[in-house]
Structure formats: C-alpha cells, structure tokens
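# Residue-level structural notes
Listed here are the chains, written in short residue letters.
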Amino acid sequence: GAVVSQHPSWVICKSGTSVKIECRSLDFQATTMFWYRQFPKQSLMLMATSNEGSKATYEQGVEKDKFLINHASLTLSTLTVTSAHPEDSSFYICSATSRLISGRAANEQFFGPGTRLTVL
Amino acid sequence: RKEVEQDPGPFNVPEGATVAFNCTYSNSASQSFFWYRQDCRKEPKLLMSVYSSGNEDGRFTAQLNRASQYISLLIRDSKLSDSATYLCVVNMEYGNKLVFGAGTILRVKS
C-alpha cells in the first residue's frame with residue numbers, strides 16, 4: 001500500500017515550452033502533497049507544499065508563477081513548469097502523506113518515482 | 001551553515017565491513033529524524049526512523065544525540081546491495097516539512 005505514481009517519468013522539451021507533471025496517490029487519499037527538486041549530486045530541495053483544495057505554500061526562492069501547482073483532489077497534484085529553460089532541468093519528485101494509513105506513522109511521506117526534466 | 005550536513009563520501013568498503021555515517025542538524029527544535037536510501041536516478045526510500053533511545057533494524061542501527069544535534073547510521077556486514085546514497089532527513093517543525101542532507105555515497109565492493 002501507499003503507492004505514489006508520477007507521470008511522465010522523463011520529458012525532454014524545448015526552451016520556452018511548459019511541462020506538466022502529475023503526481024497521484026494510487027491506493028490512499030493524500031491529505032498533503034509535496035514537490036521537491038533535485039539537481040545532480042545535490043540534496044532534495046522542497047519547492048512547495050500543497051493541501052487539497054487550497055493554494056500551495058512555496059518555499060523561499062521558488063517562483064509561484066513559474067511553478068504552478070494544482071491539487072484538485074485527494075489523489076492528484078500537478079506541477080506545471082511554465083516557460084521552461086535549461087536551468088530548470090532537474091529531477092522533480094513528489095511525495096504524499098496521509099494520516100489515515102494504518103500501521104504507518106502519521107507524518108511518513110511516500111515518494112513518487114520522480115520525473116526527469118531536460119530542457120534543451 | 002546548512003540545515004543538515006553529511007559527509008558526502010564516497011565510502012568504499014569491502015563486503016562484510018561495518019561502516020558508519022554521521023549527520024548533524026542545525027535546528028535544535030527539530031522534531032523527528034530519518035535515514036533514507038536513494039539509488040541512482042531513483043526516488044528516496046525510507047530506511048528507518050531515528051529515535052533518542054536508538055533503534056536497530058537487522059544490520060542497521062541508528063542513533064540520535066539531541067544534545068549534540070547529531071545522528072548516526074551504522075551498517076554491519078555490508079552487502080553489495082547496500083551500495084547507494086544515504087540521506088539524513090530531519091523534520092524541522094510540527095507538520096511534515098522534511099529537510100534532506102546532500103547524502104553520503106556508499107560503495108560496497110566484492
């Protein structure tokens with residue numbers, strides 16, 4: 001149980017285009033979803049936290065108009081990288097948490113497999 | 001100063017060796033602590049939570065020293081499959097905000 005999927009797993013796009021990444025909790029309802037970014041040989045950096053039905057909370061230095069997050073349901077959150085540029089190339093990972101999964105800690109985050117974005 | 005600091009390694013060890021990783025965190029108000037494992041080009045996976053009393057899961061032992069703001073992970077009898085990057089992760093506040101260290105690379109060789 002507690003499976004999180006991401007789609008697509010990798011994407012290559014031209015500079016200036018927008019890219020949408022989906023994060024789904026497959027077998028549980030996620031009260032909160034998180035979006036992270038990881039550059040090569042660096043740690044995961046939290047970009048934003050989103051709760052279903054409310055606006056995402058962005059971390060300092062993350063442009064909310066560039067990284068649009070929509071959390072329309074308890075099982076789906078999307079991250080849209082608008083007008084992507086080569087410096088946006090990174091590994092984007094989502095995670096989800098729920099208080100309702102028996103046998104697991106209330107704050108345990110379940111990670112998706114990640115999306116590798118390459119902007120040419 | 002980084003919020004979570006780790007020695008990046010790599011640690012190159014032979015099979016069967018015992019290896020220890022250390023981690024320090026800057027925020028004394030941190031609430032919970034974890035070790036995650038991340039394989040190349042994959043998502044991180046929870047290895048174990050870390051408690052003040054110390055905890056053990058098979059070959060893995062984690063320790064927390066709140067006074068020194070220090071966390072450790074000990075791996076005994078290393079296997080080839082233990083080769084990965086080990087991430088020290090701290091929950092900085094009430095709620096679910098996790099802060100990741102940059103990771104320590106472990107390479108176990110036969």
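Up top is the structure.
Residues numbered from 1 in each chain as written. Chains lettered and ligands numbered in written order. Predicted model: local features only at pLDDT ≥ 70, side-chain atom pairs only at ≥ 80, totals over all residues. Heavy atoms only, no water.

## Side note on the sheet that holds strand β7 (residues 67-73) of chain A
Residue and element names in this part refer to chain A. In space, the four strands of this open sheet follow the order β1-β3-β8-β7, with antiparallel pairing throughout. What marks the edges here is a single partner per strand, and that holds for β1 (4-7) and β7. For this sheet the average axis-to-axis angle between neighbouring strands, irrespective of direction, equals 15°. Relative to strand β8 (residues 76-81), β7 runs antiparallel, the two sharing five bridges. Pairing of N70 across the sheet is with T78, part of β8. (Pairing = 2+ DSSP bridges. Helix = DSSP H or I, 4+ residues; strand = E, 2+ residues; numbered from the N terminus. Axes fitted to C-alpha atoms, helices over the stretch in contact; angles between N-to-C directions.)

## Notes on the state of the cysteines
Taken as a whole and assessed by the stated rule, the structure comprises two disulfides over all chains. Paired through a disulfide, C23 of chain A and C94 of chain A show a sulfur-sulfur distance of 2.0 Å. Torsion about the S-S bond of the C23 of chain A and C94 of chain A cystine: about 80°, corresponding to right-handed handedness. Pair noted here: C23 of chain A is in strand β3 (residues 19-25) and C94 of chain A is in strand β9 (residues 90-97), with a separation of 71 residues, a long-range link. For the residue pair C23 of chain A and C94 of chain A, the accessibility class agrees, reading buried in each case. The disulfide bridge from C23 of chain B ends at C88 of chain B, spanning 2.0 Å between sulfur atoms. Note on the C23 of chain B and C88 of chain B pair: the S-S dihedral is about -75°, so by sign convention the disulfide is left-handed. Taken as a pair, C23 of chain B in strand β3 (residues 19-25) and C88 of chain B in strand β9 (residues 84-91) lie far apart in primary sequence, 65 residues in all. Assigned by exposure class, C23 of chain B and C88 of chain B land together as buried. (Disulfide = S-S within 2.5 Å. Buried < 20%, exposed > 50% of the residue type's maximum accessible area, 1.4 Å probe, protein only.)

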